[in-house]
Amino acid sequence: MHKRYYFFFLVFTAISVWVFAVAGASRDFLSVYALDIGQGDAIFIETPQRHQILIDGGPDARVVSELGSVMSFWDRSIDLIVLTHPQEDHMFGLLEVLRRYDVANVLLTGVNYHTRTYEEFKKAVEKEGARVILAQAGENIRFDDGAEMDVLFPVSEVAGKDAPADVNDTSVAARLRFGEKTFLFMGDAGMQEEAALIHSGENIDIDVLKVSHHGSKTSTSRLFLEKTTPALAVVSVGAKNKYGHPHQDTLARLRGVPLYRTDTQGRIAVYTDGERISVTTEY
């Protein structure tokens, strides 16, 4: 069953400190940041009406410092946290976020995964009193400013079920739409999940791809890239990491797609007014 969630938030007047000079547009734009948190994932999204989404939190508390760089200093709330899957390089930093910010909603798979950090995370969510949304294809989160997020994977609910041998195979895949532009966030999904999306019947022809699993060779297949046709791609990855991410095979498959990397360029900001896309990097 397809579910739809509507978030309507009180809009208050404040002096704007952000100017969309990069694309020469007004305040009617959406911002997506790949935060520079080392070997892990943390994606921060701010919609035109300042609704804020954090997808994963990286391997440590560096995410808090990064949030301080992209959020107003007085802003201590986040509307939605998405935990794509319960591995520490995506989850650990969320513990500190839950301590320091008022979090209204948390979307997660609820898959059984027996680690101390995951148990701490679930307790922190309960203590926060955030509304829990179980991720399943068909879930739709619509904001009141034209931004919309769809869960594309897992195809069926996995809450309460034991994780497979590779918990990456349960990663939430989420599509974000604003105007004519579409983003796809893949967590640590492997080629098996990519194949499921290809055959799902969903429209996965997108503009911006958050490359799966830090550019691992087991993700981002050639067929997946042919079906998604990204205009640009972003890799969240740590400098000189021990895994060799992003892998040379993956980089070869991405050849021809403008690629941005947190290990060499720091924090990456992608802006869109729904018609155009602009990118800035920290360095």
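The rules behind these values
Going along each chain's sequence as written, the residues are numbered from 1 onward. Restriction of local features to residues with pLDDT of at least 70 applies here, the model being predicted, together with a cutoff of 80 or more for giving and counting side-chain atom pairs; totals for whole chains, interfaces and linings are based on all residues. Only hydrogens and water are set aside when side-chain values are computed; all heavy atoms of the structure are taken into account. Secondary structure elements follow DSSP: runs of H or I of four or more residues count as helices, runs of E of two or more count as strands, with numbering from the N terminus. Each residue is placed in one exposure class: buried if its accessible area under a 1.4 Å probe, protein chains only, is under 20% of its type's maximum, exposed if it is over 50%, and partly exposed if it falls in between. Pairs of N or O atoms are called polar contacts if they sit within 3.5 Å, as long as, within protein, a hydrogen donor faces a hydrogen acceptor (for residues adjacent in sequence, only side-chain-to-side-chain pairs). If DSSP finds at least two bridges between two strands, the strands pair. All axes here are fitted lines through C-alpha atoms, helices being fitted over the stretch that makes contact, and every angle between N-to-C directions spans 0 to 180 degrees. Here, residues are in contact when the closest pair of their heavy atoms is within 4.5 Å. Any pair of Phe, Tyr and Trp rings, taking the six-membered ring for Trp, is counted once the centres come within 6.5 Å. Such a pair is stacked with planes under 30 degrees apart, edge-to-face with planes over 60 apart, and tilted for the rest. To sort the angles, those under 35 degrees are grouped as roughly parallel, those over 145 as roughly antiparallel, those from 65 to 115 as roughly perpendicular, and the leftovers as oblique. Asp, Glu, Lys and Arg are counted as charged, while Ala, Val, Leu, Ile, Met, Phe, Trp, Tyr, Cys and Pro are counted as nonpolar; the rest, among them Gly, fall into the polar class.

### Observations regarding the environment of Asp166
- With respect to the element layout, Asp166 can be found in the loop between strand S9 (148-153) and strand S10 (173-178).
- Given the relative accessible area of 36%, Asp166 is considered partly exposed.
- Considering only alpha carbons, one finds Asp166 and Glu193, 27 residues apart in sequence, at a separation of 12 Å.
- Reaching out from Asp166, the side chain makes a polar contact with the backbone nitrogen of Asn168 at a distance of 3.0 Å.

### Things to note about the sheet that holds strand S5 (residues 77-82)
- Within the open sheet, the eight strands sit side by side as S7-S6-S5-S4-S3-S2-S15-S16. Their pairing is mixed. Since the sheet does not close on itself, it has two edges, and those belong to strand S7 (131-134) and strand S16 (277-281), each with one partner. Between one strand axis and the next, the sheet turns by 20° as a mean value, whatever way the strands run.
- Pairing between strand S2 (residues 30-34) and strand S15 (residues 268-272): five bridges, direction antiparallel. Residue pairing across strands places Leu30 opposite Thr272, the latter belonging to S15.
- Here helix H2 (residues 88-100) sits on the sheet and contacts strand S4 (52-55), S5 and strand S6 (102-108); the angle it forms with S5, its principal contact strand, is near 150°.

### Here's the deal with the packing of aromatic side chains
- Considering all chains together, one arrives at four aromatic pairs under this definition.
- When the ring of Tyr33 is compared with that of Tyr271, the centres are 6.2 Å apart and the planes differ by 85°; the resulting orientation is edge-to-face. Remark: Tyr271 occurs in strand S15 and Tyr33 occurs in strand S2; sequence separation between them is 238 residues.
- With relative accessibility at 4%, the residue Tyr33 sits in the buried group.
- What makes Tyr271 buried here is its relative accessible area of 11%.
- Ring pairs connect the aromatic residues Phe29, Tyr33, Phe44 and Tyr271, which therefore count as one cluster.

### Some details on unusual backbone geometry
- Omega for the peptide link from Phe153 to Pro154 comes to 10°, which places this bond in the cis form.
- Relative to the elements of secondary structure, Pro154 occurs in the loop between S9 and S10.
- The phi dihedral of Thr229 is positive, around 45°, even though this residue is not glycine.
- Tracing the backbone through its elements, the reader meets Thr229 in the loop between helix H5 (222-228) and strand S13 (232-235).

### Section: the environment of Leu209
- Mapped onto the elements, Leu209 comes out in strand S12 (residues 208-210).
- Accessibility expressed as a relative area gives 1% for Leu209, which makes it buried.
- Not counting residues within four places of it along the chain, the set of residues in contact with Leu209 comprises Leu184, Met186, Phe224, Leu225, Pro230, Leu232, Ala233 and Val234.

### What to know about the packing of helix H1 (residues 62-70) against H2
- For the pair H1 and H2, the least separation of the axes is 8 Å and the interaxial angle reads 55°. For the element pair H1 / H2, the angle class is oblique. Taken together, the residues of H2 that come into contact with H1 (itself represented by Val63, Val64 and Leu67) are Gly93, Glu96, Val97 and Arg100.
- For the contact of H1 with H2, the per-class residue count stands at four nonpolar, one polar and two charged.

Interpretation note: all reported values are geometric properties and have no functional meaning in isolation.
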